[in-house]
Structures are given as structure tokens and as C-alpha cells.
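Here's the letter readout for the chains.
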Amino acid sequence: MEPSSPSHKRAVILLFFLFLWAALVAARLFYFTVLARSDYLAVSNRVSTRFGVIPAIRGRILKSDGSPLAWSEFRVDMIVASVPSSRRVREFLEKRVREVVPGFTFDAARENQVVAENLSPEEMRFFLPLVSSYGVLRFSKRSVRRLAPGADSLLVGETVEKNGVLVGVSGWEKKFDGRLRSVPGKFRVMVDRTGRWIPGTWREIVKPCDGRDVVVSWERGGAAR
Amino acid sequence: MSSRDLGMSDLKKAGTNDSVGLRFFVSAIFMSVLLFMMGLWGVLSIYNATAFSDSPLHYAGLQTLWVSFGFFVLWASSSVPFESYERAGWRLVAFFYAALVLVLFFGGGVRGMRGWYDLGVCFVQPSEIAKPVFLFSLTLLLADGKWKGAPLSAATMAVTALWTLPIAAQPDFGTLSVYVLGFLLVFLSAGLKLTHLIPCLFFGGAASVLVFIRKPYVLDRVVAFLDPSVDPAGAGWHILQFKYTLARGGFAGRDWGGALWSNAYLPLPYSDSTFASLTESVGFLGALPVVVGYCVLAYLCYSLSSLAKTDSRRVFIFSVGGLVAAQALLHMSVNVGLFPPTGITLPMFSYGGSSLISTMFGFGMALSAAKP
């Protein structure tokens, strides 16, 4: 092939256009990876990052001999995280859930509607396929306060859950709430497009702080140490 | 002419032959090394894109086998004298064309496309493997010598139409666009008149309108490409994920095996989205050499084409390198948002034996054509 032949010149021009195209691709690549990176990163983090609470245990109320008067236990419920807006989707999901929980109906007025409560580990395994398949359903952990048999409930007092934390509202629970109250932690995790956690991305942001145990003495008129 | 002159002339000829031989040898070695590095990089990239799956070594392991077989194909096809390919000529073309047509009747359907033969142990995509043979068929028209000027242009267009019709029937518009690029490379590098392409523009325009009417999803992709926010969960999803994946790579990338976004959000990270997935791990710094690598391959073929004995071989060699580079640039253009998603693989990088074998077969034929 003669270097000066028209077809040789055409080959050179074609090669030039290929290189130009490559330069355009490289420039565009630079744009997304460097120049506009922070904008797209912010959007993708918003889409993929979920924050959650790491529960902490409220302190126990103990008798002077060390036996517990009141303590916390965790319960797991299956709840509705968000009601689907589409009627068709709602009806489909209701039908699906009724196969395992007869009589279930979505109630848009109720936040975090409980579908099934106090699940045992076996029940959680049973419901796992449903929860994994449909993002509107979720397992939710909550604390409940238990009293020892024969304990004076008026003396010990009651607790209520506020923002995921048990708070004493009467009796010793209220009197020693400062010591008993726990501080939940916080975690961050990445989820995939189906809402499932991506392994290895869970990070603790705020360490949970369990409440301190309180030992009460009737002989000392309910004083604690 | 004195014997001294003859001697000098013989020496010059011998010297020229030596330099041609050396140029061929160096180019062939360089090309083989580059293809090997790309193949290896491709295997790592596929592992990276599937690192979070249940069996991350599955696709990477298979691709390793394909790369190994591919080098055998490169060696074997380059060892066959090009005269043998030319002697087989239209019989060779007919064989591959028949495979392309028969897949419409006997092939399997994957993702709504009837374009693969299911051989049990693997799938074979004839439209991929036939690419170098398609280029060869166009250059056979040049070698013929009977056709010149407008009849030659018309003949190349007719042959291209014959090849692209069964591909359009699958339908595989991504591969069809690669075949059109191949036609343009051969047409232009053969020195045919640009004005002869005018009828193609009309035909192409009419065909595009027909495609948009018959296959609305193609128009949806184009609309979503222009504004992904129109349908962010549907047709715009893939385009948005490309951008997020590239951004996560940044300048220097994350580690191999750390391509979270590719594994969790990016569709087809080991085939149609390979370049974006690779960028997430190696960043701009690691992805740029890939872009340069294809340019070097195209240049090597341009350099080898100057060693060819005939014009048709020259056009063939140049077109092989040009087409691989063009397909790679098309894939990368889709991944960086310059083009709507087309389903094109990145040669040597994307998972798939058919694409890899086709690339190696093409370069093997090109080396055979350039041999002094």
C-alpha cells in the first residue's frame, strides 16, 4: 500500500476518528469518576444506605440478695414497615400474607402495624422467606419489662417505650430511671436493590450503652445501691 | 545492468524482507502480549463483578478456560496460510452464514432473543463468531477484481444487508450495529466513494423508524438515555446505575472484590456493564489503560495492514483491528452515558466464549493475512 494512496489516507483518518472517540470516552470517564463524583456518590449513598438502631438493655432491678425483681426481654414481631400505595399491590400482598397469617388486612392508619408478634426463632425462620421477598414487611425487635413472680408491681413501677427506649413512669422504675435507662446505639448498612443487607457493610456508628443494674433494699425503705 | 547492481538490488530486497519480517514479528508478539493481558484483566474483572455472589469463581473460572482456548484459536487461525482462507472463500462464508440463519429455527431464546445454540456444556452465539468472516466476505468482493466503483459499493451493501437481516430477526440490535460499523470500516478503508453511502442513510433511517414502531422498548431506551429521570426504575435504571458505579470508582478505585455497587445494583456487571464494573474497582487510573489498549490494538492492525501483499488483505487486517476497537468504544460509550444501552460486550473483558473466540479468530486471520 502506498502511503500517499487515497485508501491509506482513509485508513489514517479512520484511525484518527477512533482515537478521537477514545478521547471522548476518556473525558466522559474523567467527568464521572472525578469532576461530578461527589454529586453521584451522594445520590447513590442516599439510595443504598440504611440506618438502624442497636438496642440496648435497660438495667435490672435486683433484690439485696441479687435475685432479679424486674428485667428486660427482647421480643421480635413481624410488622408492616410501609403500606403499599397501589391497591393492586396491597391486595396481592394481603393475599400472600394471609396464606401464613389468616385474616390479615393492611391498616394504613396504623404505623408499624404488627402482623405477628412474639415470634420464636422457629417462627422467624418460617416467616423469613416472606420478609425477604417483600420489602414492606420487616422483623422488628422491642423490649418488654418482666417482673419476678410475687413482685409488687406498684412498688417496682411501670415502663413505657418512647422512641425505642424503655422509660420508667412510676415506682422504682421512675425513681431510678437515670441509672436504669439504656442508650441505644446506631448502625449504618448498605442494602442492595431488593433491600437486603450487603454482607460486610454493617458499621456501628454509635455504641449502645446498656442501663446499669440497681439493687434495692426494703429494709432501707427502698433505697438503692 | 552489472552483476554488482543486481547484488545491491538483491541485498536491498533481502534487507527489506528482513525488516518486514521483523516488523511482523514484533507486531505479532506485541499483539499477543496485549491480548493476554486483556484476557487476564478480564478474568479478574469478572471475578470482581461476581465477588458477592454465591459462587464468585464460577464465571471467572469459565472465562479462564475460554481465554486459554482463545489463545489456541489465535495460534491455529494465524498458522493457516491466508491463501487457504481465500481458496475456501465463499464456502467458508456460506458455512458461517448458514449457522447464523439456522439459529433462528434451532437456537434457544435468551432474554427475548433467539441467537444462541445450546450445546449442553455451553452456549454458542453464531453472530459473534461470524464477525471476522463477515469482514472477510466483504473483502472477498474486493479481491475478486470484477467489481469496481458503484457496483462494488452496491455489492458490499447487499452482502451487509444479507448478514444483518437474520441478526435483526433475532432481534439483536446491538450486534447489528457492530456489523454496520464493520461494513463502514471496510467500505471507507477500501477507498470507495462516500456519496455511494447516501442510499444507506435513507435505508438506515427508514429501518430505524420501523424498529421504533415494531419494538417500542428500543424507543424507551433512547428516551431514557436522553433523560433517565423519566423512568428511573425502568428504562432509566441501567443508565443511572452506570453513573453511580463510575462515581464510586473515583480516581484510583476500590480494591478488587470491593465492587459493592456492581454486585448489588448494576445489571449484568460481567457482560454488558463490564467497563463500569471494572472502573468501580480500579478507578479512572485503571480504566484509562483499557481505553488506550484498544487504540493500540487498532494501531497494530493498521501497522500490520501495510505489510499486506494485496489491497483486500490490507483492508481486512485494518478492519479487524478497527472493528474490535469500535465495538469496545461502543461498549464503553454506553457505560459512560454517551450512547443508549445496546447489549454490546467488551471484547476480551466481558464474560462469554463466543465474543472472545471471535476476537481471537479475527486477529488470527489478520496475522495470517499480514505474514510476509
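Structural notes, computed from the coordinates. (Residues numbered from 1 in each chain as written. Chains lettered and ligands numbered in written order. Predicted model: local features only at pLDDT ≥ 70, side-chain atom pairs only at ≥ 80, totals over all residues. Heavy atoms only, no water.)

1. Some details on the overall build of chain A
Reasoning step 1: Looking only at helices and strands, one finds seven helices and eleven strands in chain A.
Reasoning step 2: A compact globule built from 225 residues would reach a C-alpha radius of gyration of about 17 Å, whereas chain A, at 29 Å, exceeds it by more than 25%.
Reasoning step 3: Counting across all 225 residues of chain A, residues that qualify as buried make up 38%.
Reasoning step 4: Taking all contacts inside chain A whose residues are at least 6 apart in sequence as the whole, residues at least 24 apart take part in 61%.
Reasoning step 5: The positive charge centre, built from 37 side chains, and the negative charge centre, built from 23, are 7 Å apart in chain A. (Helix = DSSP H or I, 4+ residues; strand = E, 2+ residues; numbered from the N terminus. Rg over C-alpha atoms; globule rule 2.2 N^0.38 Å. Buried < 20%, exposed > 50% of the residue type's maximum accessible area, 1.4 Å probe, protein only. Contact = heavy atoms within 4.5 Å. Lys, Arg positive; Asp, Glu negative; His and termini not counted. Charge placed at Lys NZ, Arg CZ, Asp CG, Glu CD.)

2. Structural notes on the overall build of chain B
Reasoning step 1: Secondary structure assignment for chain B yields 14 helices and three strands.
Reasoning step 2: For chain B, whose C-alpha radius of gyration is 22 Å, the value lies close to the compact-globule estimate of 21 Å for 372 residues.
Reasoning step 3: Referenced to the eigenvectors of the C-alpha coordinate spread, the extents of chain B come out at roughly 80 × 45 × 40 Å.
Reasoning step 4: Sorting the 372 residues of chain B into buried and exposed places 53% on the buried side.
Reasoning step 5: The long-range fraction of contacts in chain B, counting pairs at least 24 apart against all pairs at least 6 apart in sequence, stands at 73%.
Reasoning step 6: For chain B, the separation between the mean place of its 22 positive charges and that of its 17 negative charges on side chains is 8 Å.

3. Concerning the sheet that holds strand β1 (residues 49-54) of chain A
All names here are of chain A.
Reasoning step 1: The antiparallel open sheet is built from three strands, whose spatial order is β1-β8-β9. Of all the strands in the sheet, just β1 and β9 (203-206) have a single pairing partner and so form its edges. On average, each strand axis in the sheet is tilted by 30° relative to the strand beside it, whichever way the strands run. (Pairing = 2+ DSSP bridges. Axes fitted to C-alpha atoms, helices over the stretch in contact; angles between N-to-C directions.)

4. Some details on a nonpolar patch on the surface
Reasoning step 1: On the surface, Leu22(B), Phe25(B), Val26(B), Ile29(B), Val33(B), Phe36(B), Met37(B), Leu40(B), Leu44(B) and Trp256(B) cluster together to form a nonpolar patch covering roughly 970 Å² of accessible area.
Reasoning step 2: Mapping Leu40(B) onto the fold places it in helix α1 (residues 3-49). (Patch = residues over 30% accessible without salt bridge, like charges linked within 9 Å, V, L, I, M, F, W, Y side chains within 5 Å. Areas by Shrake-Rupley, 256 points an atom, 1.4 Å probe, with all protein chains shown as cover. Salt bridge = Lys/Arg side-chain N within 4 Å of Asp/Glu carboxyl O.)

5. What about the pattern of salt bridges?
All names here are of chain A.
Reasoning step 1: Applying the stated criterion across every chain, the model contains 17 salt bridges over all chains.
Reasoning step 2: The residue Asp177 makes a salt bridge to Arg181 at a minimum N-O spacing of 2.6 Å.
Reasoning step 3: Judged by relative accessible area, which is 8%, Asp177 ranks as buried.
Reasoning step 4: Overlapping salt bridges bring together Arg58, Arg145, Glu173, Asp177 and Arg181 as one network.

6. Examining the interface of chain A and chain B
Reasoning step 1: Each partner contributes to the interface: chain A provides 36 residues, whereas chain B provides 50 residues.
Reasoning step 2: For the chain A and chain B pair, buried surface summed over both sides reaches about 3,800 Å², with 75% attributable to carbon and sulfur atoms.
Reasoning step 3: Remark: the boundary between chain A and chain B carries zero salt bridges.
Reasoning step 4: The interface formed by chain A and chain B holds 14 residue pairs in polar contact (both at pLDDT 80 or more) in total.
Reasoning step 5: Where the side of chain A that touches chain B is concerned, the elements lending two or more residues are α1 (6-35) and α2 (37-48) of chain A.
Reasoning step 6: Counting residues per element, the side of chain A that touches chain B draws most heavily on α1(A), at 20 residues.
Reasoning step 7: Split into classes, the residues belonging to the side of chain A that touches chain B amount to 24 nonpolar, seven polar and five charged. (Buried area = accessible area lost by both parts, 1.4 Å probe. Polar contact = N/O pair within 3.5 Å; in protein donor to acceptor, adjacent residues only side chain to side chain. Nonpolar A, V, L, I, M, F, W, Y, C, P; charged D, E, K, R; others polar.)

7. Points about the packing of aromatic side chains
Reasoning step 1: Under the counting rule described, the total for this entry stands at 34 aromatic pairs over all chains.
Reasoning step 2: Centroid distance Phe136(B) to Phe316(B): 6.1 Å. Interplanar angle 80°. Geometry classified as edge-to-face. Residue Phe136(B) is found in helix α5 (residues 131-144), and its partner Phe316(B) is found in helix α13 (residues 311-335); the two are separated by 180 residues along the sequence.
Reasoning step 3: Look at Phe316(B) and you get buried, because its relative accessible area is 0%.
Reasoning step 4: The interplanar angle of 45° and the centroid separation of 5.8 Å between the aromatic rings of Tyr299(B) and Tyr302(B) together place this pair among those described as tilted. Placement of the pair is Tyr299(B) and Tyr302(B) together in helix α12 (residues 274-305), with a separation of three residues, close to one helical turn.
Reasoning step 5: Classification of Tyr299(B) by relative accessible area gives partly exposed; the value is 42%.
Reasoning step 6: Relative accessible area serves as the criterion here: at 15%, Tyr302(B) is assigned to the buried category.
Reasoning step 7: Through successive ring pairs, a cluster of aromatic residues spans Tyr31(A), Phe32(A), Tyr40(A), Trp237(B), Tyr244(B), Trp261(B) and Tyr265(B). (Phe/Tyr/Trp six-rings, centres within 6.5 Å; stacked < 30°, edge-to-face > 60°.)

8. Points about the layout of surface pockets
Residue and element names in this part refer to chain A.
Reasoning step 1: Of the pockets and cavities examined, the second largest pocket occupies roughly 1,500 Å³.
Reasoning step 2: Along the wall of the second largest pocket there are 44 residues; nearest its centre are Arg138, Phe139, Ser140, Phe187 and Trp197.
Reasoning step 3: With seven residues, the single largest contributor to the lining of the second largest pocket is strand β5 (residues 137-147).
Reasoning step 4: Residues that form the lining of the second largest pocket fall into these classes: 24 nonpolar, eleven polar and nine charged. (1 Å grid on protein atoms, 1.4 Å probe; cavity = no way out; pocket = protein on both sides within 12 Å on 5 of 7 lines; lining within 4 Å. Points joined across faces, edges and corners; volume = space filled by probe spheres on them.)

9. Regarding the side chain of Asn335(B)
Residue and element names in this part refer to chain B.
Reasoning step 1: Checked against the element boundaries, Asn335 lands in helix α13.
Reasoning step 2: A relative accessible area of 0% places Asn335 in the buried class.
Reasoning step 3: Among the polar contacts made by the side chain of Asn335, one reaches the main-chain carbonyl oxygen of Asp272 at a distance of 3.2 Å.
Reasoning step 4: A polar side-chain atom of Asn335 sits 3.4 Å from the main-chain amide nitrogen of Phe275.

10. Observations concerning the environment of Val167(A)
Residues and elements named next belong to chain A.
Reasoning step 1: Within the secondary structure, Val167 sits in strand β7 (residues 165-168).
Reasoning step 2: C-alpha of Val167 to C-alpha of Gly178: the two residues are eleven residues apart in sequence and 9.2 Å apart in space.
Reasoning step 3: Excluding anything up to four places from it in sequence, Val167 contacts Arg58, Glu158, Thr159, Val160, Lys162, Asp177 and Arg181.

11. Section: the nonpolar core
Reasoning step 1: Ranked by internal contacts, the top residues of the largest apolar core, which has 119 residues, are Met31(B), Phe136(B), Trp163(B), Phe275(B), Tyr294(B), Met332(B) and Phe363(B).
Reasoning step 2: Beyond its immediate sequence surroundings of up to four residues, Phe275(B) is in contact with Leu29(A), Ala287(B), Val290(B), Val291(B), His331(B), Met332(B), Asn335(B), Val336(B) and Leu346(B).
Reasoning step 3: Counting 17 residues, the second largest nonpolar core, distinct from the first, contains Val76(A), Val97(A), Val101(A) and Tyr134(A). (Core = buried A, V, L, I, M, F, W, Y, C linked by side-chain atoms within 4.5 Å.)

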